[in-house]
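Okay, here's what each chain looks like letter by letter:
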Amino acid sequence: MSLNLNIKQVKGNLQRLFDKNLTDLVRGLRNNKDNEANYIAQCIEEIKQELRIDNISVKCNAVAKLTYLQMCGYDISWAGFNIIEVMSSNKFTCKRVGYLAASQSFHPGTDLLMLTTNMIRKDLSATNQYDAGVALSGLSCFISPDLSRDLANDIMTLMSSTKPYLRMKAVLMMYKVFLNYPEALRPAFPKLKEKLEDPDPGVQSAAVNVICELARKNPKNYLSLAPIFFKLMTTSTNNWMLIKIIKLFGALTPIEPRLGKKLIEPLTNLIHSTSAMSLLYECINTVIAVLISISSGMPNHTASIQLCVQKLRILIEDSDQNLKYLGLLAMSKILKTHPKSVQAHKDLILACLDDKDESIRLRALDLLYGMVSKKNLMEIVNKLLGHMERAEGSVYRDELLLKVIEICSQESYQHVTNFEWYLTVLVELIQLEAGSKHGSVIADQLLDVTIRVESVRKFSVNEMTNLINSFPSSSQTSTMYEVLYAAAWIVGEFADQIDNPEDALKFFLQERSIPGHIQAVFVQNSIKVLTNIIERASESGDLKSIENATELMEQKLQYFISSGDIEVQERASATREIILALNEALNGEYETKNVTNQDLLNDIGDHENGNVITTNLPAQLTEILNDFKSLFDGELLPVAAKAQRKVQLPDGLNLDEWINGPPSESSSDEEDESKGDGLFVSASEKTSERGSRKDSFEPTPEELEKIREARKMLQAHNPNYLKSSSSGSRQANDNGDYDNIDDIPIAELNLDIPLKVHSKTKRSDKYLEESRKAQRKEKKEEKSGKKSKKKSKKTKKQEVESESGSEEEQKPVHLVNKIVELPEGATLSDSEDKNELDLNDPHRALGNINLEDVEEFYAPPQRTSKAKHVEESDSSKLKEKSHRKKKEQIPEQNLMIEEVNEKKDKKKHKRKKEIVNDDVSHEKSTDILDIEQKVKKSKKKSKDNDKKDTEKSKKHKKSSKKSEYEETL
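Note that the structure is a prediction, hence the values are computed from the model and not measured.

Q: Please provide a residue-by-residue account of helix H13 (residues 226-235), values included.
A: Within the sequence span of H13, burial applies to Ala226, Ile228, Phe229, Leu232 and Met233. All buried residues of H13 fall inside an arc of 160° around its axis, so they share one side. Those residues of H13 that are exposed and aimed more than 90 degrees away from the buried face are Lys231 and Thr235.

Q: Break down the packing of aromatic side chains for me, with residues and values.
A: Describing an aromatic ring pair means giving the distance of the ring centres and the angle of the ring planes. Counted by the stated rule, this structure contains 11 aromatic pairs. Ring centres of Trp421 and Tyr422 lie 6.5 Å apart, and the angle between their planes is 35°; this geometry places the pair in the tilted category. Connected via pairs of aromatic rings, a cluster forms that spans Tyr413, Phe419, Trp421 and Tyr422. In this arrangement the basic side chain of Arg361 is found over the ring face of Tyr396, its NZ or CZ atom lying 4.0 Å from the centre.

Q: Describe the packing of helix H22 (residues 377-390) against helix H24 (residues 419-432), naming the residues involved and giving the relevant values.
A: For the pair H22 and H24, interaxial distance at closest approach is 11 Å and the crossing angle is 10°. In terms of orientation, H22 lies roughly parallel with respect to H24. Of the residues in H24, those in contact with Leu377, Met378, Val381, Leu385, Met388 and Glu389 of H22 are Trp421, Val425, Glu428, Leu429 and Leu432. Residues belonging to the contact of H22 with H24 are distributed by class as follows: 9 nonpolar, no polar and 2 charged.

Q: Could you give an account of the nonpolar core, naming the residues involved and the relevant values?
A: Ile155, Phe178, Phe229, Tyr422, Leu429 and Ile442 are the most contacted members of the largest nonpolar core, which totals 213 residues. Per-element tally for this core: the top contributor is helix H29 (residues 516-540), with 11 residues. Residues in contact with Tyr422, not counting those within four places in the same chain, are Ile405, Cys408, Ser409, Tyr413, Val416, Gln445 and Val449.

Q: Explain unusual backbone geometry residue by residue, including any values.
A: Positive phi values are uncommon outside glycine, yet Ser412 reaches one of about 55°. Take Ser412: it is sitting in helix H23 (residues 394-413). Ser412 gets classed as partly exposed once you look at its relative accessible area, which sits at 35%. If you check the backbone angles, Tyr413 has positive phi at about 60° while not being a glycine. The topology assignment puts Tyr413 in helix H23.

Q: Can you lay out a nonpolar patch on the surface for me, pointing to particular residues and giving the numbers?
A: Together, Phe81, Met114 and Leu115 line one region of the surface with nonpolar side chains, adding up to about 380 Å² of accessible area. Counting through the fold element by element, Met114 comes out in the loop between helix H6 (92-105) and helix H7 (117-124). On the accessibility criterion, Met114 (66% relative accessible area) is exposed.

Q: I'd love a proper account of the environment of Ile533, names of residues and values included.
A: Tracing the chain through its elements places Ile533 in helix H29. Sequence-wise, Ile533 and Asn500 are 33 residues apart; in three dimensions their C-alpha atoms are separated by 9.4 Å. Contacts of Ile533, omitting those with residues within four sequence positions, involve Pro501, Glu502, Leu505, Ser545 and Ala549.

Q: I'd like to hear about the environment of Lys65, residue by residue, with values.
A: The topology assignment puts Lys65 in helix H4 (residues 56-71). Each C-alpha atom of the pair Lys65 and Thr23 lies 9.0 Å from the other, and the pair is 42 residues apart in sequence. In contact with Lys65, other than residues within four places in its own chain, are Lys20, Asn21, Leu22, Leu25, Ile47 and Glu50.

Q: Describe in detail the packing of H23 against helix H25 (residues 439-452), supporting the description with residues and values.
A: Closest axis-to-axis distance for the H23/H25 pair is 11 Å, and the angle between their directions is 30°. In terms of orientation, H23 lies roughly parallel with respect to H25. Two packed elements cross with a definite hand, and for H23 against H25 that hand is left-handed. Between H23, through Leu401, Leu402, Ile405, Ser409 and Tyr413, and H25, the contact on the second element is made entirely by Val441, Ile442, Gln445, Asp448, Val449 and Arg452. Looking at the contact of H23 with H25 residue by residue, the classes come out as 7 nonpolar, 2 polar and 2 charged.

Q: Summarise the pattern of salt bridges; cite the residues concerned and give the values.
A: Pairs may arise between side chains of opposite charge once their charged atoms sit close together. By the definition in use, this model includes 24 salt bridges. Across the pair Lys95 and Asp123 runs a salt bridge, and its minimum N-O distance is 3.0 Å. Highlighted residues: Lys95 in helix H6 and Asp123 in helix H7, separated in sequence by 28 residues. The pair formed by Lys95 and Asp123 is uniform in burial state, with each residue classed as buried. With its nearest N and O atoms 3.5 Å apart, the salt bridge here joins Arg363 to Asp366. A residue pair is termed a helical-turn pair when its members lie 3 or 4 positions apart in one helix, as Arg363 and Asp366 do in helix H21 (residues 358-371) at 3 residues. A relative accessible area of 31% places Asp366 in the partly exposed class. Because the salt bridges share partners, they merge into one network encompassing Arg363, Asp366, Lys403 and Glu406.

Q: Can you explain the confidence of the model for the protein chain? Please cite residues and give values.
A: Summary statistics for the protein chain give a mean pLDDT of 75 and a share of 65% for residues scoring 70 or more. Between the elements of the protein chain, mean pLDDT differs from a low of 39, seen in helix H40 (residues 866-871), to a high of 95, seen in H7. Contacts for the low-pLDDT stretch residues 675-694, under 50 throughout, to residues beyond four places or in other chains number 1 contact. Low pLDDT, under 50, characterises residues 911-932; the stretch is placed with 12 contacts to residues that sit more than four places away or in other chains.

Conventions and cut-offs
- As a convention, each chain's residues are numbered from 1 in the sequence order in which they are written.
- Since the coordinates come from a predicted model, pLDDT governs what is reported: local features require at least 70, and pairs of side-chain atoms require 80 or more to be given and counted, while whole-chain, interface and lining totals use all residues.
- Note that the side-chain values use all heavy atoms of the structure and ignore hydrogens as well as water.
- Throughout this description, buried means an accessible area under 20% of the type-specific maximum (1.4 Å probe, protein chains only), exposed means over 50%, and partly exposed covers the range between.
- The secondary structure listing takes helices from DSSP runs of H or I that are at least 4 residues long and strands from runs of E that are at least 2 residues long, numbered from the N terminus.
- The arc in question is formed by the directions pointing from the helix axis toward the C-beta atoms.
- Whether two aromatic rings pair depends on their centres lying within 6.5 Å, for rings of Phe, Tyr and Trp, where Trp uses its six-membered ring; planes under 30 degrees apart make the pair stacked, over 60 edge-to-face, and the rest tilted.
- Distance and angle both matter: a charge sits over a ring if NZ of Lys or CZ of Arg is within 6 Å of the ring centre and within 35 degrees of the ring normal.
- Orientation is described by lines fitted to C-alpha atoms, with helices fitted over the stretch in contact, and by angles between N-to-C directions that extend from 0 to 180 degrees.
- Each angle gets one of four labels, with under 35 degrees taken as roughly parallel, over 145 as roughly antiparallel, 65 to 115 as roughly perpendicular, and the rest as oblique.
- Here a residue-residue contact requires only that any non-hydrogen atoms of the pair lie within 4.5 Å.
- By the convention adopted, Pro, Cys, Tyr, Trp, Phe, Met, Ile, Leu, Val and Ala count as nonpolar, Lys, Arg, Asp and Glu as charged, and the other residues, Gly among them, as polar.
- Throughout, nonpolar core names a set of buried Ala, Val, Leu, Ile, Met, Phe, Trp, Tyr and Cys residues whose side chains join them through atoms within 4.5 Å.
- Each patch is built from salt-bridge-free residues with over 30% relative accessible area, joining like charges within 9 Å and nonpolar side chains (Val, Leu, Ile, Met, Phe, Trp, Tyr) within 5 Å.
- Note on areas: these come from Shrake-Rupley sampling with a 1.4 Å probe, and a residue is covered only by the protein chains present in the view.
- The salt bridge criterion pairs a side-chain nitrogen of Lys or Arg with a carboxyl oxygen of Asp or Glu, the two atoms within 4 Å.
- Working rule for handedness: look at the near helix, and if it is turned counterclockwise from the far one by less than a right angle, call the crossing left-handed; if clockwise, right-handed.
- One confidence number per residue, pLDDT, is output by the predictor and ranges from 0 to 100.

Here it is in structure tokens:
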């Protein structure tokens, strides 16, 4: 038997010599690139055969190859049991391969993880530190809440290991445990605090990293560790650990402003001394956070801000793009609290707009947003417009356009002093960026400015009229057409401000290729312009202008009626019916005798009763004119952005409820069977229904001829339209040449990009020149004022105050109306814009854990030096001994708050039983009510005693904590 076994073992070993290992698999993949799928399928079959063999080394080799295939994107979830088997091997080489495969293929939701709990616990308690280290490394990749709960105590014991290698890995592993099982944070916190003073720098750095990551959600829990971190910051030379500590202090200073006052000096020393740019950046960030938190208590901190700005200027001027980006990012944080310190470096930030890196240009644009004031707004916008003309790339140009609008519109146009200038800037942006994707943003600005600023409406209406006439039509799809939407609405809504409404009506009814929804708005607002023409004509008695306007609309509306957009067709048809009714009224006879033009002027009354025109015109015409006049009465106010969501639902209305019940499947089948082919209407049904329906519009032969001639004219002037040879021979000779050059028709080219030569000076430049002249006058007046102040004995402080005050004193030319419409009883609020909790945040559960009273149950042993023991009195020693005895009675790891509460409940229950038994034995004749009253009294006494004990212990601990904390500070 033994001989046969030996022969089988030798035979198996010989076969193993010819098995493929990982290097053979990689070499085979490189040699079979053309037939990779078949080769991998063959390899997987071989791996499955190897996994059936009892030899653990063969299985390890197979799992190693599977791990490589998993990295290439192939699924190996079917081999989960084999991976666990290799993980449980006693050989370190096999165990390492198994944990590597598990970290690659397992995840917290894997069902097989329940089989690994005892195996991982065994590895964690192994005598070989590398076995435990491999288990910790692999566990960090697939740890689940169940594994965290079951293995928390085992990992905590490794934090007290004698080997620094295991202590460091255990400390880092506890962070993953806290994320999956937050209840472990309270018992583990004292040990984690001890590791901050560990003699090994690796363990110390790991503890700092873990606490800094935990403090991201609730930094208040770690305020008691400030003295330890302060000591580490002033003594450590590890830059990476210093960066973590400084980040933590940046989160703690808003909670404890006194800490910020102590941090200013060491942070400024680090800024002066360090050569590491990463540490310098974090120091500057923390100084900014500190100065924000202590701004009320430490007013003289301009030197620290100037130091930070100077160091950031060095970063921005550096050739490294990463440092330049970080410098601009930190400068934006200083800008929020100290804008004047950053505004001095405006030229440097404007120079960043010419950088090759687009991210740096965008960051510089964000800085310009906060550097704007009433005095430099026009200058900055003018430079941005010039930069937009030279910039390349549509994405960056769109971002420039958006930033110009954001700069001007921030805080309800706080820095805009002249809205005529702003409207001209918007028009120039439209001309510069014909293909921009921010057309809707410009349209919103045009509407907002025109509605809110009443004094600029006349200027805006005339600008929009010219814009509608000169806007280039393009075959490309662009959102810039939305500008025409806004322009048409402005011209129609405020038609009483138009200088020449007849021209505006012609511009609306031009035949051009624009989107359908824009054509619909043009048709709608042409009625508003016609209404204004009727009002003006009725006041002046000029009915000829009404006739001309109606004739023009009747002719031009035919183009919109034949549009492919159904909305345009509907509006044009309705408008045409209105025009026909108006023409009928105009062609009617007067109620009195034939009237001359002079009699007509005398018949029109000079006064109006409300909106009714009192004339001797025909009754039908007067009624129509009054109806036109009342169509668009009233002024529209801007609606608040949150108005719709603030509309309260009426009682009994449920928007989620079905209005009509959902149809059942049986009823829908029956309806389909009953209908049959009812989806299509037969010809007989059409003829029967045709008489009952209203006749559709059919053009007359004269109108058809006009449409045909207009189409031929368009075809003749269109160079892209292919004419037939017969039509061309009428104008040309037999050879196809023209006899006279003047006979050749001039075709109009519709280009996507208008051929316009922009002048060096833009229209908005005149407003900039006017503002510069005004600033020069102010400077001259300030100089003359300074001379007079020197003569009159005034202090220097008053001069500085007057100078700083005069910088921002520039009254706006136009006033902005900030009144918005809201539903009844609703008010503006920002409560609905608060960011909701991120459900995917791994630190979300850790934010609800309070660590302030953790020392009541998990108190680490106190370390005292021999010198202190000599100086202490006997009474203090006795107190410490009694205090230590109490601590020794409580276990370090497994004692939880629930156990303490259970003990308290048991004591209370015993007290109740004793009181009841005594009462029953001594006073049998007493009622049950008396017993219940005594039980209630005993409850109150026990509760009062417990409260007093807890309050005393809390006061004692708080006082001790405060004294230690203040001494260290």
